[in-house]
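Listed here are the chains, written in short residue letters.
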Amino acid sequence: MRRSVFGEAWTIGKAVGQAMRITFVNFFRKPVTVHYPTVVRPFPNRFRGLLALTYDKETGEENCIGCRLCEFICPPAVIKVEMLKAEKRNYAKTFTLELYACEFCELCVQVCPTDAIIMMKSFDLSTGDRREMLLDKDRLHALGLQHEASWATGNRLRDMQQPPKKSATERPEHTEQGKATDKAAGA
C-alpha cells in the first residue's frame, strides 16, 4: 500500500512540476494579446465576416435586383427580400437580414447573380440589443461602404468551383489516325 501512495504522490508532484515549468517559461514570453480597438488584426482574404449590400461603381445604383435567390438558399431563413419591378430593371424594395441568427455559411453570396451581397473583412457589430442586429437595406449598404470587402464574391466563387478549362494545346486533335485508334479501342 505504501508503494501506491508514494507512486501517486510522485505522479502528482511530477505533474505539478511540469505545469510550473510551463508557467515559468510563459512568464517571460512576449504577450500575444491584440489590443483590439487600437490595433487592428489583419484578416485573411477569405475571412467570412459581416454581410453587406453593394452598389454598382459605374452607375451608383444598387446591385440587388430582388431575385430572392439568397432568401431561398439561406438555411436558417434569416433573409427576407421583396422585389420592386421597374421599367428598366428590378430592385429590392425591402431587404432585411437577421444577423443574430445568421450562420455565415456564405451560400447567399455564392448564388447572387449580380454580386449584390458580399461578406466583409469585419466582425465588429457587437451590441447588447438584438434589435440592432436586424439589418435593413440601408444599413446593409452602409456596412458595404464602411468596411473592406472579402475576396469572395458570387462570380468568383462560382468560377472557382467550375472544372478547369482545357487550353488549345491540351485538347486532343482529331486526325484520321486518331479516329482509327478510337474505333479500334471501341471495338
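Residues numbered from 1 in each chain as written. Predicted model: local features only at pLDDT ≥ 70, side-chain atom pairs only at ≥ 80, totals over all residues. Heavy atoms only, no water.

## A short note on the overall build of the chain
Here is step 1 of the chain: Of the regular secondary structure elements, the chain holds six helices and five strands.
Here is step 2 of the chain: The N-to-C order of helical and strand elements in the chain reads α-β-α-β-β-α-β-β-α-α-α.
Here is step 3 of the chain: Taking all 187 residues of the chain together, 25% fall into the buried category.
Here is step 4 of the chain: Long-range pairs, those at least 24 residues apart, make up 73% of the contacts in the chain with a sequence separation of at least 6.
Here is step 5 of the chain: Of the accessible surface of the chain, which amounts to about 14,300 Å², a share of 57% is contributed by carbon and sulfur atoms. (Helix = DSSP H or I, 4+ residues; strand = E, 2+ residues; numbered from the N terminus. Buried < 20%, exposed > 50% of the residue type's maximum accessible area, 1.4 Å probe, protein only. Contact = heavy atoms within 4.5 Å. Areas by Shrake-Rupley, 256 points an atom, 1.4 Å probe, with all protein chains shown as cover.)

## A look at the confidence of the model for the chain
Here is step 1 of the chain: When pLDDT is averaged across the chain, the result is 84; 87% of the residues are at 70 or more.
Here is step 2 of the chain: Taken element by element, the chain is modelled with least confidence in helix 6 (residues 176-186), mean pLDDT 51, and with most confidence in helix 2 (residues 69-73), mean pLDDT 94. (pLDDT = per-residue confidence, 0-100.)

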